[in-house]
Amino acid sequence: LLYLRWLDKGDRGSLIAYALVGALTLHTHYFAVFVLGGHAIHAIWLGWRSRDGEAPLRPWPFLGAVGVAVLRFVPWVVWAVTHFERIARIEIEPFGKLAAAIWRVGAGPAMNTTGATVVVTAALWGIPLGFGVVALRGRPGLRSLLVTCAVLPILALLAASPWVVLGHERYLGFLAPWVFLLAALGVTH
């Protein structure tokens, strides 16, 4: 929301608050780097796209706020790398974990995972998601935000899956707002 507020107002208060919340978010969950990275890529894309307009967007102040948040997180990364032993390698099929994470966003963690329940809830959850994807066609700004904040991180995780273990769908929790957004668009479409 602070990113969207900065896009609307361009005020310094939004940037300061974003840097603070971004740093706190990184300390809460290290996969939050995908959220900050998605916002940064989106700001660069909007700046590039608006470069010939009357009031081009200058992404540099926002990128500075992202940089402050990331720099605030660097000491923890250095400490973690120097204090943790090698993490055990567990072979996990990444596409299954991704599908399970998206399913759990809609079905909830307490949902019974028997065959019939999975099929029924996946269909009930998949239909609004499919319609949401269709609804994105008429919303290029929202589509670009969704691509930079959800699709690119998913592709990065899948590309890194031989080296980075997803382990549990809780690591993909950053997808929840975007999956809910798609479902809401699908229901209202």
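Residues numbered from 1 in each chain as written. Predicted model: local features only at pLDDT ≥ 70, side-chain atom pairs only at ≥ 80, totals over all residues. Heavy atoms only, no water.

Asks: Teacher, can you tell me more about the packing of helix α6 (residues 115-135) against helix α8 (residues 176-188) here?
Replies: Axis angle and axis distance: for two packed helices, these are the angle between their axes and the distance between the axes, and together they describe the pair. Two elements in contact, α6 and α8, have axes whose closest approach is 6 Å; the angle formed by their N-to-C orientations is 80 degrees. The angle between the axes of α6 and α8 places the two elements in the roughly perpendicular class. Of α8, the residues touching α6 (which contributes Trp125, Pro128, Leu129, Phe131, Gly132, Val133 and Ala135) are Val179, Phe180, Leu182, Ala183, Leu185, Gly186 and Val187. Of the residues belonging to the contact of α6 with α8, the class tally is 12 nonpolar, two polar and no charged. (Axes fitted to C-alpha atoms, helices over the stretch in contact; angles between N-to-C directions. Helix = DSSP H or I, 4+ residues; strand = E, 2+ residues; numbered from the N terminus. Parallel < 35°, antiparallel > 145°, perpendicular 65-115°, else oblique. Contact = heavy atoms within 4.5 Å. Nonpolar A, V, L, I, M, F, W, Y, C, P; charged D, E, K, R; others polar.)

Asks: Hey, could you run me through the packing of aromatic side chains in this one?
Replies: One pair of aromatic rings is described through two measures. These are the centre distance and the angle between the planes. The tally for this structure, following the rule as stated, stands at six aromatic pairs. On the numbers, 5.4 Å between centres and 20 degrees between planes, the contact of Phe73 with Trp76 is stacked. Of this pair, Phe73 and Trp76 both sit in helix α4 (residues 60-83), three residues apart, which is roughly one turn of that helix. Grouped by ring-pair contacts, the aromatic residues Tyr3, Trp6, Tyr18 and Phe62 constitute a single cluster. (Phe/Tyr/Trp six-rings, centres within 6.5 Å; stacked < 30°, edge-to-face > 60°.)

Asks: How should the side chain of Thr148 be read in this particular structure?
Replies: Looking at the secondary structure, you find Thr148 in helix α7 (residues 140-160). Leave out the neighbours within four places in its chain, and Thr148 touches Gly38, Ile41, His42 and Pro153.

Asks: Quick question: what am I supposed to make of the confidence of the model for the protein here?
Replies: If pLDDT is low for a region, its predicted coordinates should not be looked at in detail. For the protein, mean pLDDT is 80; residues scoring 70 or higher make up 87% of the total. Summarising per-element confidence for the protein, the mean pLDDT is lowest in helix α5 (residues 94-107) (75) and highest in helix α2 (residues 12-28) (90). (pLDDT = per-residue confidence, 0-100.)

Asks: Would you mind going over α5 with me for this structure?
Replies: Side chains that are three or four residues apart share a direction in an α-helix, a result of its 3.6 residues per turn. Spanning 14 residues, α5 covers 19 Å between terminal C-alpha atoms, matching the ideal 20 Å at 1.5 Å per step. Buried within α5 we find Pro94, Leu98, Ala101, Trp103 and Ala107. (Expected span 1.5 Å × (residues − 1). Buried < 20%, exposed > 50% of the residue type's maximum accessible area, 1.4 Å probe, protein only.)

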